[in-house]
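Structural description and commentary
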Amino acid sequence: DIQMTQSPSTVSASLGDRVTITCRASQSIVYWLAWYQQKPGKAPKLLIYKASSLESGVPSRFSGSGSGTEFTLTISSLQPDDVATYYCQQYNTYWTFGPGTKVEIK
Amino acid sequence: QVQLVQSGAEVKKPGASVKVSCKASGYVFTDYFMHWVRQAPGQGLEWMGWINPKNGITSYEKKFQDRLTLSRDTSTSTAYMELSSLTSDDTALYFCARVRPNVALDYWGLGTLVTVSS
């Protein structure tokens, strides 16, 4: 089974800061990785698919990169609406979510 | 517009089964696989399985293999998730989500809360 890890578990940053979240897979998943944003009490929202493709309607301050086993989600300039938990998900072999990273405003 | 409307909250006793529905609209139901994901209170997301609405073929996460049944009714564009032998650990918000081929889970239902309590 492919295991996913994320770091950090929580990030606290100021408005306008650049925020980077890392996701690692226990084996290569090529580029079959998605990122989701989830706000409390809501369903997750797709941000990035195939590691670096931006979903339609998602602000361009979100970007994804990586391949193989290491991936990153970057928010180029943190906005109040970005307060949420972010999950990576692999879909190379079955589907597995990472444990999540909570993003807060400092 | 694409919508996934899930059934209402359920309260079940340990050992019972629960069946959650997910009615799709705004797209051709049989053209997109449907996945199920759950989230225990205060916890992360857990993938459960998928169904191909076109032919009913399913795939389940190993830990649910023995007690999860995914099904569909193409006449009503509805997907179903049935989980049996419930324990308190199954208390969670259950989501259905559509997968766009080679993309990821692009539309989600609002979730159905299942509470297991004696």
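Description of the structure in this document. Small disclaimer: the values here were computed from a predicted structure and weren't measured.

**Some remarks on the overall build of chain B**
A count of helical and extended segments in chain B gives 0 helices and 11 strands. Since a compact globule built from 118 residues should have a radius of gyration of about 13 Å, the 13 Å found for chain B is in line with a globular shape. Projected onto the principal axes, the alpha-carbon positions of chain B cover approximately 40 × 25 × 25 Å. Buried positions account for 45% of the 118 residues belonging to chain B. A separation threshold of at least 6 residues defines the contact pool for chain B, and within that pool the share at least 24 residues apart is 50%. With an accessible surface of roughly 5400 Å², chain B has 48% of that area assigned to carbon and sulfur atoms.

**Comments concerning the layout of surface pockets**
Each pocket or cavity is described by its volume, and for the largest pocket that value is around 460 Å³. What lines the largest pocket is a set of 24 residues, among which Trp95 and Thr96 of chain A together with Glu46, Trp47 and Glu61 of chain B lie closest to the centre. Residue assignment for the lining of the largest pocket shows that the elements contributing at least two residues are β10 (96-97) of chain A together with β4 (34-39) and β5 (45-51) of chain B. The biggest single contributor to the lining of the largest pocket is β5 of chain B, with 3 residues. In this structure, the second largest pocket occupies an estimated 370 Å³ of space. Every residue lining the second largest pocket is counted, 21 residues in all, and those nearest its centre are Gln38, Pro40 and Gly41 of chain A together with Gln39 and Gln43 of chain B. Elements represented by at least two residues in the lining of the second largest pocket include exactly β9 (84-90) and β11 (101-105) of chain A together with β9 (92-99) of chain B.

**A word on the sheet that holds strand β7 (residues 62-67) of chain A**
Residues and elements named next belong to chain A. Here we have 4 strands laid out as an open sheet, ordered β1-β3-β8-β7, and antiparallel in their pairing. Of all the strands in the sheet, the pair left with one neighbour each is β1 (4-7) and β7. Direction aside, the axes of adjacent strands within the sheet are offset by 20° on average. In terms of strand pairing, strand β3 (residues 19-25) meets strand β8 (residues 70-75) through 6 bridges, oriented antiparallel. When the bridges of β8 are listed, cysteine 23 appears paired with phenylalanine 71.

**Quick word on the sheet that holds strand β1 (residues 3-6) of chain B**
Residue and element names in this part refer to chain B. Spatial ordering of the open sheet is given by β1-β3-β8-β7, a layout of 4 strands whose pairing is antiparallel. With one partner strand each, in any of the chains shown, β1 and β7 (68-73) form the two edges of the open sheet. Mean inter-strand twist for the sheet, computed between neighbouring axes without regard to direction, equals 20°.

**Some words on unusual backbone geometry**
All names here are of chain A. Serine 7 connects to proline 8 through a cis peptide bond whose omega is -5°. Here proline 8 is to be found in the loop between β1 and β2 (10-13). In the Ramachandran plot, lysine 50 falls in the positive-phi region, its phi being about 45° despite a non-glycine side chain. Assignment of secondary structure puts lysine 50 in the loop between β5 (45-49) and β6 (53-54). Since its relative accessible area comes to 30%, lysine 50 is described here as partly exposed.

Cut-offs applied
- Residues numbered from 1 in each chain as written.
- Chains lettered and ligands numbered in written order.
- Predicted model: local features only at pLDDT ≥ 70, side-chain atom pairs only at ≥ 80, totals over all residues.
- Heavy atoms only, no water.
- Helix = DSSP H or I, 4+ residues; strand = E, 2+ residues; numbered from the N terminus.
- Rg over C-alpha atoms; globule rule 2.2 N^0.38 Å.
- Buried < 20%, exposed > 50% of the residue type's maximum accessible area, 1.4 Å probe, protein only.
- Contact = heavy atoms within 4.5 Å.
- Areas by Shrake-Rupley, 256 points an atom, 1.4 Å probe, with all protein chains shown as cover.
- 1 Å grid on protein atoms, 1.4 Å probe; cavity = no way out; pocket = protein on both sides within 12 Å on 5 of 7 lines; lining within 4 Å.
- Points joined across faces, edges and corners; volume = space filled by probe spheres on them.
- Pairing = 2+ DSSP bridges.
- Axes fitted to C-alpha atoms, helices over the stretch in contact; angles between N-to-C directions.

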